[in-house]
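The residues making up each chain are set out below.
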Amino acid sequence: MRSSAVPVLVVVLVLVVIWYIGAVLLNAPVLIDTYTRNNIAWTFPQLVLDAWSQTRPVLPSPHQVLIDLWNSTAGQAITSKRSLVYHAWVTLSATLLGFALGTALGIVLAVFIVHNWAADRSLMPWIIAKPDHPILAIAPMIVIICYNLLTGQNVLSQALHLDADSARLVSKALISTYLSFFPVVVGMVKGFRSPELIQRDLMRTYDASSWQVFWTLRWPIAIRTCLPP
């Protein structure tokens, strides 16, 4: 444990030193210009200290970042929009909602693919290839279009009756749904097909129906296959 932690600590220390040096290099031109305009005599140690404590730096120093993180978390009420905890919950809520939607839709589609030959042949190649599309290229369009659909004057918005905050949450959650949907489908299809032929034949000898085979054999094995060890 100690031998594995030493290289990590050395790398972190080197990065922190580089960060401090970069803060001086990037903040120094503004400080020197300020010294010159105000006819202030300065020394290099003073320049370094001022660069590390500048009010509006080009690159804040590590201790300034830590202080600001502390003030934005412990120094603010969690309901304040100035709190990082508040914004972390906004991001987490959209992520969890999207993950739940993607998981549910993925499992339903995986069941359909396993039990339907045509769906397997037509959908699986598209599902495997679809995640290669860059999500950053379509994420802004998805958020804007979905938000307008959920808040505009149309059948969907009138049926759901979502307010602006809920519509914004759902539109952002769709990005998480997109990211989690395809891996869930592929993993669950692999899990549903993992039972060996002899196990399925044994279930048929018990006169088990397709749904009994699914719930007592395919589903438990698929869950164990998809979960991390």
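Described in the following lines is the structure provided in the data block. (Residues numbered from 1 in each chain as written. Predicted model: local features only at pLDDT ≥ 70, side-chain atom pairs only at ≥ 80, totals over all residues. Heavy atoms only, no water.)

### Re the packing of aromatic side chains
Using the following cut-off: Aromatic contacts are taken between Phe, Tyr and Trp rings whose centres are within 6.5 Å, Trp giving its six-membered ring; a plane angle under 30 degrees counts as stacked, one over 60 as edge-to-face, and the others as tilted. Put simply, DSSP H or I for four residues or longer makes a helix, DSSP E for two residues or longer makes a strand, and each gets a number counted from the N terminus. Only protein chains enter the accessibility calculation, which uses a 1.4 Å probe; a residue whose area is less than 20% of its type maximum is buried, one above 50% is exposed, and one in between is partly exposed.
Taken as a whole and judged by the stated rule, the model has five aromatic pairs. On the numbers, 4.9 Å between centres and 70° between planes, the contact of Tyr20 with Trp52 is edge-to-face. Within this pair, whereas Tyr20 is found in helix α1 (residues 2-37), its partner Trp52 is found in helix α2 (residues 44-52), the two being separated by 32 residues in sequence. Taking relative accessible area as the criterion, Trp52 reaches 25% and is therefore assigned partly exposed. Pairing Tyr178 with Phe182 gives two aromatic rings, centres 5.3 Å apart and planes at 80°, and the pair type is edge-to-face. Of this pair, Tyr178 and Phe182 are both found in helix α8 (residues 164-192), four residues apart, which corresponds to roughly one turn of the helix. Its relative accessible area of 5% is what places Phe182 among the buried residues.

### A word on the packing of helix α4 (residues 84-115) against α8
Let me state the cut-off plainly: Inter-axis angles, ranging from 0 to 180 degrees, are taken between N-to-C directions of lines fitted to C-alpha atoms, where helices are fitted over the stretch in contact. Take the far helix as the reference: if the near one is turned anticlockwise from it by less than a right angle, the crossing is left-handed, and if turned clockwise, right-handed. When residues are grouped by polarity, Ala, Val, Leu, Ile, Met, Phe, Trp, Tyr, Cys and Pro land in nonpolar, Asp, Glu, Lys and Arg in charged, and all others, Gly among them, in polar.
Two numbers describe how α4 lies on α8: the axes approach to 5 Å, and their chain directions differ by 35°. Judged by the twist between their axes, the crossing of α4 over α8 is right-handed. Classifying every residue of the contact of α4 with α8 gives 21 nonpolar, nine polar and one charged.

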